[in-house]
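Architecture at a glance
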Amino acid sequence: MVETKTVGSRVFKVVNYIILTILAISCLYPLWYELCVSLSDKLAADSGAVTLWPIGVNFASYELIMGDGTFWNSFMISVGRVVLGTIWTMVVIIMMAYPLSKTSHEYKPRTILMWVLVFCMLFNGGTIPWYITMQKYNLIDNFAALIFAGSVPVFNVLLLMNFFRNLPADIEEAALVDGAGPWRILWTIVVPCSVPVIATVVLFTSVGYWNEYFQGLVLMNTEDKYPLQTYIRQITVQIPAGVTLTTEQYQQLAKNSNKALEAAKVFIAMIPMLIVYPFLQKYFVSGITLGAVKG
């Protein structure tokens, strides 16, 4: 097909490129601004003088966050939480979504379970019943609580369920004729054909585990069990009341700004997800069924 290069089409392309460039800059600038603020000195950060470039480059905020061994302990807790939690959540929601993708004739409890899921998605029991439930299961101050608490996001279950439902029925019928059972069909046929949506849900799940801080704040009793987001949220730059500080401590406080510290928190917290995202992005534009049924 030969593209017609009219004046109108060229103007449209130019305007389209300009709009997309503006949108890209509007998305990237907040990240760049946070980096600049985190690297600026106390006076510039507090006065709001930072715009496009760091003023008086200062790594004191990063030194304050990363100089403590507790930071690295929290970092490893978050990494373990993301890895184990994502694996656990994906196994659970895949095993939930597959039978729910069937009709009520094929899976009789489907209607009741769907109502339960929709109810859980619309209504929340509240923090106190949730905490009591976790306490009854002996998950308070337990690393497992960071994985099991809220490990079944209903929206992701519905997302996978709708994708499984749209897979060609011919695939499963052919597998049944060949003697495959439900477990083999799920893990050797349905899951490989659903790589794009599974990669998307993996990204959603891992980001959710990485950014979540409230569960660590409520369920963990000691700082050495905090995940990274909970740990960096607890960091503040202030002089404790009634405490005599040394000269070195006063110098450290003088170099740090709450605003710069908050910016450093944001930037550090998003780096791991920015590293993971490019490896999953390629699946977002893949074919829906990856050519499972050939015409």
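Residues numbered from 1 in each chain as written. Predicted model: local features only at pLDDT ≥ 70, side-chain atom pairs only at ≥ 80, totals over all residues. Heavy atoms only, no water.

1. Structural notes on unusual backbone geometry
Residues other than glycine seldom take positive phi values, yet N138 does so here, at roughly 60°. With respect to the helices and strands, N138 occurs in the loop between α6 (127–136) and α7 (145–148). What makes N138 exposed here is its relative accessible area of 61%. At D141, a position not held by glycine, the phi torsion is positive, near 60°. Within the secondary structure, D141 sits in the loop between α6 and α7. Residue D141 is classed as partly exposed on the basis of its relative accessible area, which comes to 21%. (Helix = DSSP H or I, 4+ residues; strand = E, 2+ residues; numbered from the N terminus. Buried < 20%, exposed > 50% of the residue type's maximum accessible area, 1.4 Å probe, protein only.)

2. Regarding the pattern of salt bridges
Where charged atoms from two side chains of opposite charge approach closely, those side chains can pair. This model, assessed by the stated rule, comprises three salt bridges. The partner of R81 in a salt bridge is E212, with the nearest N and O atoms 3.0 Å apart. Taken together, the positions of R81 in helix α4 (residues 69–100) and E212 in the loop between α11 (195–211) and α12 (214–219) put the pair 131 residues apart, joining distant regions of the chain. Given the relative accessible area of 1%, R81 is considered buried. Where K102 meets E172, a salt bridge forms, and the shortest distance between an N and an O atom there is 2.5 Å. Residue K102 is found in the loop between α4 and α5 (110–122), and its partner E172 is found in helix α9 (residues 169–177); the two are separated by 70 residues along the sequence. (Salt bridge = Lys/Arg side-chain N within 4 Å of Asp/Glu carboxyl O.)

3. So, the environment of R81
Separated by 65 residues in the primary sequence, R81 and L146 place their C-alpha atoms 6.7 Å from one another. Those residues within four positions of R81 in sequence are excluded, and the remaining contacts are T86, F143, L146, I147, Y209, E212, Q215 and P227. A polar contact is formed between the side chain of R81 and the backbone oxygen of L146, at a distance of 2.9 Å. Among the polar contacts made by the side chain of R81, one reaches the side chain of E212 at a distance of 3.0 Å. (Contact = heavy atoms within 4.5 Å. Polar contact = N/O pair within 3.5 Å; in protein donor to acceptor, adjacent residues only side chain to side chain.)

4. As for α5
Look at α5: 18 Å from first C-alpha to last across 13 residues, which is about the 18 Å you get at 1.5 Å a residue. Here α5 has its buried residues at R110, M114 and L117. Projected down its long axis, α5 shows its buried positions confined to an angular sector of 65°, all on one face. Pointing more than 90 degrees away from the buried face of α5 are the exposed residues I112, W115, F119 and L122. (Expected span 1.5 Å × (residues − 1). Arc of directions from axis to C-beta.)

5. Re the side chain of T230
Here T230 lies in helix α13 (residues 228–233). For T230, the side chain forms a polar contact with the main-chain oxygen of Y213, separated by 2.7 Å.

6. Quick notes on the packing of helix α10 (residues 182–193) against α11
In helix packing, the relevant descriptors are the interaxial angle and the interaxial distance, both defined with respect to the helix axes. Running from N to C, α10 and α11 point in directions that differ by 80°, and their axes come no closer than 5 Å. By the angle class used here, α10 and α11 are roughly perpendicular. In this structure, α10 uses V191, P192 and C193 to contact α11, whose residues at the interface are V195, P196 and I198. Class assignment for the residues of the contact of α10 with α11 results in six nonpolar, no polar and no charged. (Axes fitted to C-alpha atoms, helices over the stretch in contact; angles between N-to-C directions. Parallel < 35°, antiparallel > 145°, perpendicular 65-115°, else oblique. Nonpolar A, V, L, I, M, F, W, Y, C, P; charged D, E, K, R; others polar.)

7. With respect to the confidence of the model for the chain
With 86% of its residues at a pLDDT of 70 or more, the chain shows a mean pLDDT of 80. Taken element by element, the chain is modelled with least confidence in helix α14 (residues 247–255), mean pLDDT 54, and with most confidence in α4, mean pLDDT 90. Confidence drops under pLDDT 50 across residues 237–243; counting only partners more than four residues distant or on other chains, this segment forms 10 contacts. Across residues 287–295, confidence stays below pLDDT 50; counting only partners more than four residues off in sequence or on other chains, it has 14 contacts. (pLDDT = per-residue confidence, 0-100.)

8. Here we look at the packing of aromatic side chains
Scanning the entire structure with this criterion turns up 11 aromatic pairs. Centre to centre, the rings of F71 and W72 are 5.0 Å apart; their planes meet at 85°, and the pair counts as edge-to-face. Centre to centre, the rings of W88 and F148 are 5.3 Å apart; their planes meet at 75°, and the pair counts as edge-to-face. Note that W88 is positioned in helix α4 and F148 in helix α7, a separation of 60 residues in sequence. (Phe/Tyr/Trp six-rings, centres within 6.5 Å; stacked < 30°, edge-to-face > 60°.)

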